[in-house]
Structure formats: C-alpha cells, structure tokens
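Per-entry structural report
Chain by chain, the residues run as shown.
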Amino acid sequence: MWLRPEEVLLKNALKLWVTEKSNDYFVLQRRRGYGEDSGGLTGLLVGTLDTVLDSTAKVAPFRILHQTPDSQVYWSVACGASLEEISQHWDWLQQNIIRTLSVFDSGEDITSFVQGKIRGLIAEEGKSAGDEEDPERFREAVLRFERLFGLPQREKLVTYFSCSYWRGRVPNQGWIYLSTNFLCFYSYMLGNEVKLMYPWDEVSRLERTSSVLLAESIRVCVRGEDHYFSMLLRLQQTYLIMQQLAEYAIVRFFDKETFNAEHPLANPLHIMQKALEIHARNQSFRSFFRLPQEENLCEVHESFLWVPFSHVNTLGKICVSENYLCFASQDGSQCHLIIPLWEVRILLIFLQATKNVMVKTSALEKKQHVGDTRLYVCVFLSEDEEGVMVGQSQAVSTEALMNVFHPHDAENLDPKMLKERMKEQSWQIHFAEYGRGSGMFCTKKTRDLIVRGVPETLRGELWMLFSGAVHDMTSHPGYYGRLLEECMGSSSLACDEIERDLHRSLPEHPAFQSDTGISALRRVLTAYAHRNPKIGYCQAMNILTSVLLLYAKEEEAFWLLVAVCERMLPDYFNRRIIGALVDQAVFEELIREHLTQLTEHMTDLSFFSSVSLSWFLTLFISVLPIESAVNVVDCFFYDGIKAILQLGLAVLDYNMDNLLCCHDDAEAVTVLNRFFDSVTNKDSPLPATVQQASATANDKSIQKVDISDLIKESYEKYGNIRTEEVENMRKRNKLYVIQTLEDTTKQNVLRVVAQDVKFSAAQLDELYMLFKRQHFVSCYWSVCSPALQNHDPSLPYLDQYQLDQSQFSSLFNLLQPWTTHTHVRSLARSAFRLLDANGDGLVNFKEFICGLGKRTIEKSVVFCPSGRAKVDLQEYLKQWQEDLQRREENIKDLPRINQVQFIGLTKTLYGVFHGTEEEESLYRAVARVTSLLLRMEEVGRKLQESSLQKTPQTTPTSTPQPETSPTLPTSPENETLAEGKGDQPESPASPQETAPSHSDITPTSTSRPSTPTSSPTGTSSPVLDTPTDTPSSPSAVRDGDWSFSFEQILASLLNEPSVVRFFERAVDTDSLIAHACKNQLKVAHFKIEV
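First, a word on scope: everything that follows refers to the structure included in this document. In this text the structure is predicted, and so the values were computed from the model without any measurement.

**Topic: the nonpolar core**
F466, M541, F558, F573, F637 and L652 are the most contacted members of the largest nonpolar core, which totals 129 residues. Sort the elements by how many residues they give to this core and helix α17 (residues 554-568) lands first, with 10 residues. Discounting chain neighbours no more than four positions away, the residues touching M541 are L525, Y528, I535, G536, L561, C565 and F573. Counting 115 residues, the second largest nonpolar core, distinct from the first, contains V158, L276, A585 and A925.

Encoded structure:
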C-alpha cells in the first residue's frame, strides 16, 4: 500500500533492512527476519523486536523509500506484506515516475513532486468510485471544485482523479475534475498555479498515447492545442469516463438527442459515473447483438453454453435484457446466440452435481451452467419453425420484387443454378445442425457460408436475422401499416425529394421500370421519412432501399432500412453525413496501419476518403454490378461496417502496384474505376436482363475478378480487425470529424464577415468563439433548452449558430465598453431589434459582428477595433451616405421616434456618459442637443400649422392647443445637474447654446404621460423601450405629439465636440474580448442564481 511520505534516517536502519533493488530515486528494502535470511540470528532478533515492542502494529516486511538526490534524507512511500505486492508498486514507479523525474533541475523539486504524487495516489485509493460509498469525501471534492473553478452548483461533478498535467517537459501534480460539461484540472506546487477548464463540446481529440518520456498518458486536444495527463492510477477508467462525457456532449449539443425520463442520462444536472457506465454497457450490448434501442442489459454472468453440434461446453457470458436471453463466447469460437423470451415455451432451472444433463427441446438442445454450482438453465423454444415470421403485420406487398420479376425455376439445370442449389443445400444442412430463425447458433461456419455467398431465396430471411430487423418487426406488429395510413397523401420536402429520385434507383432493373417496384419504393421511403423526420430522406437511401426490396418483402425492407440508418450506420443519412466521414477517418487509420507502402507513396490520404465516400454510403452498390454488390451486403449485415472496411483495404491492396505508379489523383481514380468494372459474380443465377453489364464486360483483355474471391481475400488478410477496435476508433474520430466541420463553418463565416468589418483575424476568431460559446452556455444547465434549436447545421454557414434576445443581451453586456448603467438592458434590447434584420427573433454572427463594427449611437453601436487611428468624421459621413444610397440589407431605415422614446434615448445617453472623465461636459452637450431638437420641432410645428391655415378646406376641426414649447419631463438627474453643476464656468457660447434651466423643461399639456424617471446611476426607473411599430413620418404621429428623425438626432450630436470625442475614443478591443472570455461563465452563473 502507498504511505503518506515520512522522513526516514536510513543510517540508523541499515541493520534492520536489506536493500533488494535501487535506482537513482527509489530503494526497495526487505526487513531482516523475512525471506531468505529469516532463519539466522539477526532475523530472529528482528522478529522478536517486532513482536515484543509493537504487537498491535507489526512492521510490514517490505517497503519502498524515495531518496532526495544529493542528500541522505529518505522518505517512505510504500510498504507491502509480500514481495509480489511491493513489486507491483515498484513496477508502477518504474513505468510512470522514473523517466519523469529527469526533467527536474533540483532535488527539492523532485522530492516535492514525488510527495505530491504519492499523496494523490493515497487519496485516490481511498476515494470511492462514486459519491454513494463515501458521500462526505465526495462532497468535499464538489465544494473544492466549485470554489476553484467558479461554476454554478448545477454543474454536476461526475468524478475526480489524481494525475499529472504536462506543461512542456515539466509535470504538474494535481487533480483532474470531470463534470457534465467541463474537463478541469488544478495544480499548485512551489508557488506555481495551473488551472484549466475546457468544455467537452470543444474537444477535438481524446486518445491514449505513450512516448519515451511518458509511459502512458491521455491526450486531449482543444482548439488545436494538445494537453497530456499522465500518472493516473486508473488510467483506463479515467479515459473511458472522459470518452463517455465527450460523447454525451455531442449527443446533447450537436445531435440534440433527447432521452426518456427513465434513461440514466435523461437529466444532465444529475449525471453520475454509474449512469455513464450503465449507458455505455447498454449501448455495447445492443450493438453486439443487434437488438432494438429499447433493450437494456439487466444481468451479466459468466457461464458455459452446451453446444449440441460440437458436444462441448463453450465458455462465455450470458446477458439478459427485458426481452432477450443472449450468449457470447469468450474462447475464440465466435459463437453467439440470441433467444427471444417470447419464444421460450418452458424454462427449467435446477442444480446438478457432476453429471451433464441433456434436455431435448422442440428445436434445439440448449443447456447452460453458471460457475462451480452447476446451475443448469434449460430452454424449450416455441414449435414455430419460422421464427423470423412471428408477429409480422400485413404488408402492402407480400413478395420480394426478385420473386415477382425473376421467379425461382426449380427445373432449370443451368450450371449456375446447380451451384445455387448446392448453396441452398449447404444452408439447409446448417439450419438442421445449428437451428433456424432467431434461436440459431452463429459460429465461424456461419461466417464461412456468408463469405461464399447467400442463396437468392434465403437472402431476405438472413438479412432480417443478422441485422436484427426481425426483432424490431416482431416487437412492433402493425407499425408499418399505421405509418402508411398516417403519411398517406401528406406532402413535405422529403416527399418531393423522394419523388425526384424514384426513377434514379436501379433504373436498369426491370423491377424499377414498373409501377410495382416504384410504388413499393415510394411507400418505404415515405414511411421512414415520417417515422424519423430528423433524417427524413437523404440521397443514397433510395439506392439502398431498392436493393432491399429486391430480396425482402416491403415491410421487411422498411425494418431493414431502420436497422441500417439507426443502428448499423448511425449518422450516415443526414445533411452532413457525419457517420460516413467518421468511418472514412477510421479507414484512413487502417490504411496507415495495414498498407504502409501505399501510405508512404500517397502524401495525402484524404484522396481515399473522397473516393471511398460512395463505397460507405451505398455499401459498394453504386460502384459494383448489382449481382456482385449483394454479396457485399450479405457480409455487411453479418459483420457490420467491419466488412466494408475490410473490403476497402482489399481493393486498395489488390491495386497496390497500379496505384503506386499513379502520378496524380485522376490516374488513381481511373485505376479504381477499371478495377470495379472488372469485378463479376461468376456464380450469379440472375439472367442477363437483370444483371448490370459493365463497360468492359466484353473486353477479354481485362482480367476479371470474382467478388467471392475478393471478399474471401479481405477476410483472410484483414479478418483480424476486431469489431471492438472499430467501434473505439469510431468514437475517437467522431470528435475530430465534428470539430473539423465546426472549424470549416467558422472559416467560411469569418471569410464572409471579414469583408464588412475592420477587426483583425485573431479578434474575429475570438469573437466567433464567444458567440458560439454563448449558445452552448445557455444550454449547459437545462434539461431540454429551447436554445438548442437555434443551432441547425443544415442551414447555410452564417445561420447555423444564432442567438435569441436573452443570449444576445448577455454577450452584448460583456462586450460593451461603457460603465454598467441602469439602461443597459434597454440598450441591449434596442440593439437586438435593430440587428434582427428579418424579424425572426434571432441574430446570426454576421448581424452581430456588423453591429459591433458600427459607430452610430442611435444604432446602439458598441465599439470599433483598437490599435487603429481615430476615425475621420468626414470619411465616416461619406461612407454612411454611400451606405444609405446602396440600401444594403444590413442597414435598416429607422422610424421617427416620439417623445417617450426620445426621453428613453436621453436617459440612455446619460447612463452611458456616467462615470467618464468628461461627464459634466457630456451632460451639458446632451442638454444642448435636447434643447436644439425641441426648438427645431417647435419651428417645424408652427410651419406646419401655418400651412394648414392656408388650406382650411382640408383642415379638420380640432381643439386649439396652447402655444407652449414642447419640453421634456422633469427628471431627478436634470435637477441634480442644474443644482450641482449649473454655476460652473462654461466655454464661450451664445446664450442660445446655453443649456436650458430645468425648471423650464416641463411636460406640455398635450404630451402623453410618461413613466417616472431617475438619475443615470439610479435603478428605480422603468426602462423605456423603442417599439418596432413607431410611426415613420410626422403625419403618423398623434396630433399634439412631436417626433424626431434619425438624421436630425445624428446631425445635432455631431455638432457637440465632447460627444464626438467620446465616441471616437479608441477602445482596447483585445482587453474587452479577454474580459468577456473570462467572465462569460460567471455571468451565466449569476443569471442562474438570480
């Protein structure tokens, strides 16, 4: 066990301990009296001392000491009761610590690091796997986590581990905290503090690595920067939890998947380590046995399965869910079995001491015993031999299209038909020996038969069985028919796309040259689009479905499509085809691993990704003749994506010599196309009218390649690729693919936006990340946030991320450079309404960044980039005039504002100017502008009245209004300004320019009532917002009210030098961005608490 480091004087202990192993930093010692010299006099004396002096705490016979370099001081770090126990600790130190210590310069630093690491290991050994076992310790970790990182209490800490974080070549010993939304690390050693906090939705790489310096570590890549964590006592456990949390973030924020209330991950505010483990275990269980998504693993036990065809017991694990009893071998026999519980007629459980019991059932003999207790479970299956047909509902078309357009001819003695009958006979023998239907034993022999090719008459049945679609159809009787009734006559974008592609699906095949095949294809695709509107319809689904309809009944083809789209090829059929891109990344990894010669020749393997995209999307159907492609589909339904990857490697390997001679991508494409044209199926019984003849079919100079031989070669050379490895590679590459797509979106958005603003590239990048992170921050601490719908990857780049008013206000307040004032919320709302050009309640990044780049006050301008010269006023006016002439889409014609709105604008200006160096002069400038505008309005009103008097015939009868000047309501800030600053000297000006006394600024009798006001620094006044339906012309304003145009206000403000200086003042944009990055989460934290 590890010990808390305590100083030991080795000089006084040499006679009691013997050194067994040593190096520059550690010493492994054995206590005398134990081991080889235990029988000597010294050993007897030491043993007596240990017994007499301290009988209650006997000294452990083995220990490990750490030696401070260039010192005689040693520290005890571990002890053990046996040589095996202490050797495990010694080996761990050798593998994880020794090479690390060489980077330190001083012996004190080495000792400090070792002590911190050992204390971390002790704490981790004492820490429970979850907070259930030791809630007090976990509660302390939660409080420490909240204090260190400033996250809200709703952020759920899942677990924490002791580890080292590598900054350059120097390790920092500390703790890694894994929460629902963040990966955090904290270390404080020798006055050096290291604090990291990264959201899971920004992680692009997560993998286990090893190097010369680091024996084994976890690499985390965030925004292009690598971070390494090592010296973890439970490295694999830590890695799996990190992988599960990163995957959970993708599911929540990018896939926007929701879970039912009973799901362990339904509530992100209560995620626990145990819930993550249960979810991962259920996923693996469903994926391996191809079971419906509703199935959850209940029990797992190691057991033996009696295999009747080989008369042996096969070691493996029995897995029980709500509706299935499954078994998977672990002895290399590749045997697995699925028993639907609804097919079980009798279940006997009994104990047997030694003798094996054989129980004859109606279908097969199945006997299992668990452990040494010889608990036998005997299963009697239903007598229904057609297991795959149990519970099926009535389909619209009850025959596979191949049976309709190419019926099986039993009297045909053609050689190909004879081979086909031999295949059928082989499968019948297999069924008799291994069973048929859901309860069939799947073994190596089953795979061998698949590789040789499935008979035409059995293809639909076996596809249903191996894909797991039979279980979906059986558990949902009548579902397909109900779907057809619901979507009958409906119209949608998916339906239009389906109609467009119907006649492009295997147009050469007779089945799709008739209304029978076209109608069946339409019904299946439309039903699936109605079932899963998230996917709807995507290209390549029509090609795949048309092949399924050839060999399966219509309802079976529907469930096969469900199995492919939702289970076997996840995320393939959507706008961004993320699943296909992930598998292409996996394919590139396998090429680097297995085809090194090709990797050395091809500098960029992305070529193979572009070429192989159609291979994965259509399962080689689009590049191979239909009679050859169906053999590939056979293997796919049995082995999943592993079969496609293997075949892709075999294709490249077969064409290796020709590809190495290619000088560019075009030549390589030509080589591969010629190869696919040469692939045939010599055993296909299909007539020439059904087969797809290639362009080189009659060219005898081209060597033909049989598809069966190619598939067999792929299994022989690359069959050692395990499904578990492929799934792990999929998870690892999905993070990279999603972040690559996100980076592509960012680059396209910034390229468009950079033309309209003057921010630097680095500033635009940071602002985009702030904008994007604001979207996710608002979704972190809610079960199902409506803000998630503001992210739609299917939209154009600019509109993929959009902020609503609440999100915009939070970010706007972080970036505005002025002192926080009473009307900041009103200013943010006004800015949002201005920037929301289309009025949909959302603002995209271009609208947001263009708003930041403008300088007009009335347009709620924030700041302009720092580091540039002051903006020339004449140049700005000229540019503004050009903008008005062009009527750009991002410029809105502002309506006139009435008196209440003008009062709100004045208050906002007072608030913006509060606390500045020129506060007094700015207040007086606003007062002068107000007075000037009011006088202008009074003059305009008199001119309007005089014109109306000249045309009395068109003037309506109205009550005479008192001839009082339009003025503002009295406000406390005005009173304060008049009392405290009215007697101060003023710059030379005419009396007309002097600010009016506030006793004269009183509401007119015709003014509509206004809400109480307050000082710019006060908080008691309600905010006055500018409604969107403000009248745009004086004629629309109520008689007796007054209004101002944007041009009037702008011209008046530009006449005040202090106002112009204030808004031309350079702002440190980088500091504002850094401030926003630092406080973005704190603001969210505050809003949650409020």
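Moving on from the coordinates now.
**Thoughts on the pairing of strand β4 (residues 62-67)**
Of all six residues that make up β4, six are buried, and the element is covered over most of its length. Of the two faces of β4, the one lined by F62, I64 and H66 and the one lined by R63, L65 and Q67 are each fully buried. In terms of strand pairing, strand β3 (residues 26-31) meets β4 through five bridges, oriented antiparallel. By the bridge assignment, F26 is partnered in β4 with H66. When β4 meets strand β5 (residues 73-80), the two strands line up antiparallel, connected through six bridges. When the sheet's bridge partners are listed, I64 is paired in β5 with A78.

**Things to note about the pattern of salt bridges**
Applying the stated criterion across every chain yields a total of 38 salt bridges. The salt bridge partner of R531 is E566, with a shortest N-O separation of 3.0 Å. Here R531 is found in helix α15 (residues 515-531), whereas its partner E566 is found in helix α17, with 35 residues between them in sequence. Using a relative accessible area of 27% as the deciding quantity, one classes R531 as partly exposed. Judged by its relative accessible area of 25%, E566 is partly exposed.

**A few points about the packing of helix α18 (residues 578-594) against helix α20 (residues 606-618)**
For the pair α18 and α20, interaxial distance at closest approach is 9 Å and the crossing angle is 125 degrees. By the angle between their directions, the pair α18 and α20 is classed as oblique. Helix-helix and strand crossings are classified by hand; for α18 and α20 the assignment is right-handed. Seen from α18, the contacting residues are A580, D583, Q584, F587, E588 and I591; seen from α20, they are S606, F608, S609, S610, S612, L613, W615, F616 and L617. Residues of the contact of α18 with α20, tallied by class, amount to eight nonpolar, five polar and two charged.

**Description of the side chain of E742**
By the element assignment, E742 lies in helix α26 (residues 723-753). A residue is classified by how much of its surface remains accessible, and E742, at 1% relative accessible area, is buried. Not counting chain neighbours up to four residues away, the residues in contact with E742 comprise F254, R576, K772, H791 and Y801.

**Section: the pairing of strand β14 (residues 312-321)**
Relative to β14, strand β13 (residues 297-307) runs antiparallel, the two being bridged by 10 bridges. Across the sheet, residue V307 finds its bridge partner in β14, namely V312. Linkage of β13 to β14, two consecutive antiparallel strands, is achieved through a turn of four residues, within which H311 is found at a positive phi near 55 degrees. From the end of β14 to the start of strand β15 (residues 324-329), which pair antiparallel, there are two residues.

**Comments concerning the sheet that holds strand β11 (residues 217-222)**
Within a sheet, adjacent strands bond to each other through the backbone by hydrogen bonds, running parallel or antiparallel. A sheet is described by the order of its strands in space; here seven strands give the open sequence β9-β8-β7-β6-β12-β11-β10, paired in antiparallel fashion. The strands lining the two open edges of the sheet, one partner per strand, are β9 (192-199) and β10 (203-209). Strand-to-strand, the axes of this sheet are offset by a mean angle of 30 degrees, without reference to chain direction. Direction of pairing for β10 relative to β11: antiparallel, over a ladder of six bridges. Note that in β11 the partner of R205 across the bridge is C221. With respect to the sheet, helix α6 (residues 235-254) is in contact with β6 (157-167), β7 (170-179), β8 (182-189), β10 and β11, its orientation differing from that of β10 by roughly 160 degrees.

**Considerations on helix α27 (residues 761-780)**
Taking 1.5 Å of rise per residue, 20 residues should cover 28 Å, and α27 covers 28 Å from first to last C-alpha, within 8% of that figure. Among the 20 residues in α27, 16 count as buried, and that is most of the element.

Thresholds applied
- Residues numbered from 1 in each chain as written.
- Predicted model: local features only at pLDDT ≥ 70, side-chain atom pairs only at ≥ 80, totals over all residues.
- Heavy atoms only, no water.
- Core = buried A, V, L, I, M, F, W, Y, C linked by side-chain atoms within 4.5 Å.
- Buried < 20%, exposed > 50% of the residue type's maximum accessible area, 1.4 Å probe, protein only.
- Helix = DSSP H or I, 4+ residues; strand = E, 2+ residues; numbered from the N terminus.
- Contact = heavy atoms within 4.5 Å.
- Pairing = 2+ DSSP bridges.
- Salt bridge = Lys/Arg side-chain N within 4 Å of Asp/Glu carboxyl O.
- Axes fitted to C-alpha atoms, helices over the stretch in contact; angles between N-to-C directions.
- Parallel < 35°, antiparallel > 145°, perpendicular 65-115°, else oblique.
- Left-handed = near helix turned anticlockwise from the far one by under 90°.
- Nonpolar A, V, L, I, M, F, W, Y, C, P; charged D, E, K, R; others polar.
- Expected span 1.5 Å × (residues − 1).

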